[in-house]
Amino acid sequence: MKESEGRQTTLSGAGSEKIEIGLGGVAETLVLPLWFRAKHNEKQNALLLDPMASKVISRVDYDFARIDRSMHRISLLPELSDLYWVIRAKNFDDAVKEFMDRHPKAVVVNIGAGLDTAFYRVDNGYIRWYELDLPDVIDLRKKLIPETDRCTCIAKSVFDFS
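Attention here is on the structure that accompanies the text. (Residues numbered from 1 in each chain as written. Predicted model: local features only at pLDDT ≥ 70, side-chain atom pairs only at ≥ 80, totals over all residues. Heavy atoms only, no water.)

So, about the overall build of the protein. When its secondary structure is counted, the protein shows six helices and five strands. Start at the N end of the protein and walk to the C end: the helices and strands fall as β-α-α-β-α-α-β-α-β-α-β. In the protein, the proportion of contacts linking residues at least 24 apart, taken out of those at least 6 apart, comes to 58%. Total accessible area on the protein is roughly 9,200 Å²; 55% of this is exposed by carbon and sulfur atoms. (Helix = DSSP H or I, 4+ residues; strand = E, 2+ residues; numbered from the N terminus. Contact = heavy atoms within 4.5 Å. Areas by Shrake-Rupley, 256 points an atom, 1.4 Å probe, with all protein chains shown as cover.)

The following block contains the structure:
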């Protein structure tokens, strides 16, 4: 992986076609956590394993080197900034796993799911998972992350009660 290659940056699990993220300013908030989880997944002693994040990143047409440059510009300790996203995901995963230990057939609703890959990290084979986000985000998500028989996308605003 070479961060300096911009759009050519890929991690393991390369897919066939590249999908362009065209959601304006929202796009960066979608790719930040995904990018840092995928980068961390490639480390030898990774705190969080997220092969699905790596697979998704390999299919996205986006200048990820731009994110790294920005983080290095604004952070005194960019490695810790990168790690923030991994620790955040690990804490959420641990909380979900703890709940699933008590309720193995739980239903989880991931509100504001974006390009989160938590289902693939915590799936126990029984949970039912819903990914809730705005319609344009869910459209992008479906192009990059497959739904399964137990992981379904819902294209709605959390404020839409219909």
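Let's pick the thread back up.
All right, on to the sheet that holds strand β5 (residues 151–155) then. Reading across the sheet, the three strands line up as β3-β4-β5 and stay open at both edges, with parallel pairing between neighbours. Lying at the two open borders of the sheet, with one neighbouring strand each, are β3 (107–111) and β5. The average undirected angle you get between the axes of adjacent strands in this sheet is 20 degrees. (Pairing = 2+ DSSP bridges. Axes fitted to C-alpha atoms, helices over the stretch in contact; angles between N-to-C directions.)

On to the layout of surface pockets. Within this model, the largest pocket holds a volume of roughly 510 Å³. In this structure, the largest pocket is lined by 26 residues; those nearest its centre are Arg-88, Asn-110, Gly-112, Ala-113 and Asp-116. Elements represented by at least two residues in the lining of the largest pocket include exactly α1 (26–41), α4 (78–102), β3, α5 (118–122) and β4 (128–133). Classifying every residue of the lining of the largest pocket gives 16 nonpolar, four polar and six charged. (1 Å grid on protein atoms, 1.4 Å probe; cavity = no way out; pocket = protein on both sides within 12 Å on 5 of 7 lines; lining within 4 Å. Points joined across faces, edges and corners; volume = space filled by probe spheres on them. Nonpolar A, V, L, I, M, F, W, Y, C, P; charged D, E, K, R; others polar.)

Regular strands place side chains that alternate from one sheet face to the opposite one. As judged from the five bridges shared by β4 and β5, these two strands associate in the parallel manner. Looking across to β5, one finds that Glu-131 is bridged to Cys-153. Crossover handedness for the path β4 to helix α6 (residues 135–144) to β5: right-handed. (Right-handed = clockwise from strand over helix to strand, strands pointing away.)

Scanning the model with the defined rule gives six aromatic pairs in all. Their ring planes at 20 degrees and their centres at 4.7 Å tell us that Trp-35 and Phe-64 sit as a pair that is stacked. You can see Trp-35 sitting in helix α1 and its partner Phe-64 sitting in helix α3 (residues 64–74), a full 29 residues away along the chain. Ring centres of Tyr-84 and Trp-85 lie 5.0 Å apart, and the angle between their planes is 75 degrees; on these two criteria the pair is classed as edge-to-face. (Phe/Tyr/Trp six-rings, centres within 6.5 Å; stacked < 30°, edge-to-face > 60°.)

It is worth spelling out α6 at this point. In an α-helix, one turn spans 3.6 residues, which is why side chains three or four residues apart end up on the same side. Those residues of α6 that fall on the buried side of the exposure criterion are Val-137, Ile-138, Leu-140, Arg-141 and Leu-144. End-on, the buried residues of α6 take up no more than an arc of 160 degrees, which puts them together on one face. (Buried < 20%, exposed > 50% of the residue type's maximum accessible area, 1.4 Å probe, protein only. Arc of directions from axis to C-beta.)

Here we come to the nonpolar core. Counting residues in each nonpolar core, the largest one holds 23 residues, and the members touching the most others are Val-31, Val-56, Val-60, Phe-64, Ile-67, Leu-115 and Leu-144. Those elements that provide at least two residues to this core are α1, α2 (51–58), α3 and α6. If we ignore the near neighbours within four places in the chain, the residues touching Leu-115 are Ile-21, Leu-30, Val-31, Leu-34, Arg-37, Arg-141, Leu-144 and Ile-145. The next biggest cluster of nonpolar side chains, apart from the first, holds eight residues, and it includes Val-108, Ala-118, Phe-119 and Trp-129. (Core = buried A, V, L, I, M, F, W, Y, C linked by side-chain atoms within 4.5 Å.)

Among the surface-exposed residues, Val-107, Val-109, Ile-111, Val-158 and Phe-159 lie close enough to one another that they form a single nonpolar patch of about 510 Å² accessible area. Along the chain, Val-158 turns up in the segment after β5. (Patch = residues over 30% accessible without salt bridge, like charges linked within 9 Å, V, L, I, M, F, W, Y side chains within 5 Å. Salt bridge = Lys/Arg side-chain N within 4 Å of Asp/Glu carboxyl O.)

Taken as a whole, this structure holds 11 salt bridges when the rule is applied. The residue Asp-50 makes a salt bridge to Arg-37 at a minimum N-O spacing of 2.7 Å. Placement of Asp-50 in the loop between α1 and α2 and of Arg-37 in helix α1 is noted, with a sequence separation of 13 residues between them. Residues Asp-50 and Arg-37 agree in their burial class; the two are buried. Among the salt bridges present, the one from Arg-102 reaches Glu-98, with a minimum N-O distance of 3.7 Å. Here Arg-102 and its partner Glu-98 are both found in helix α4, four residues apart, which amounts to about one turn of the helix. Via salt bridges that share partners, Arg-37, Asp-50, Asp-93, Asp-116 and Arg-121 belong to a single interconnected network.

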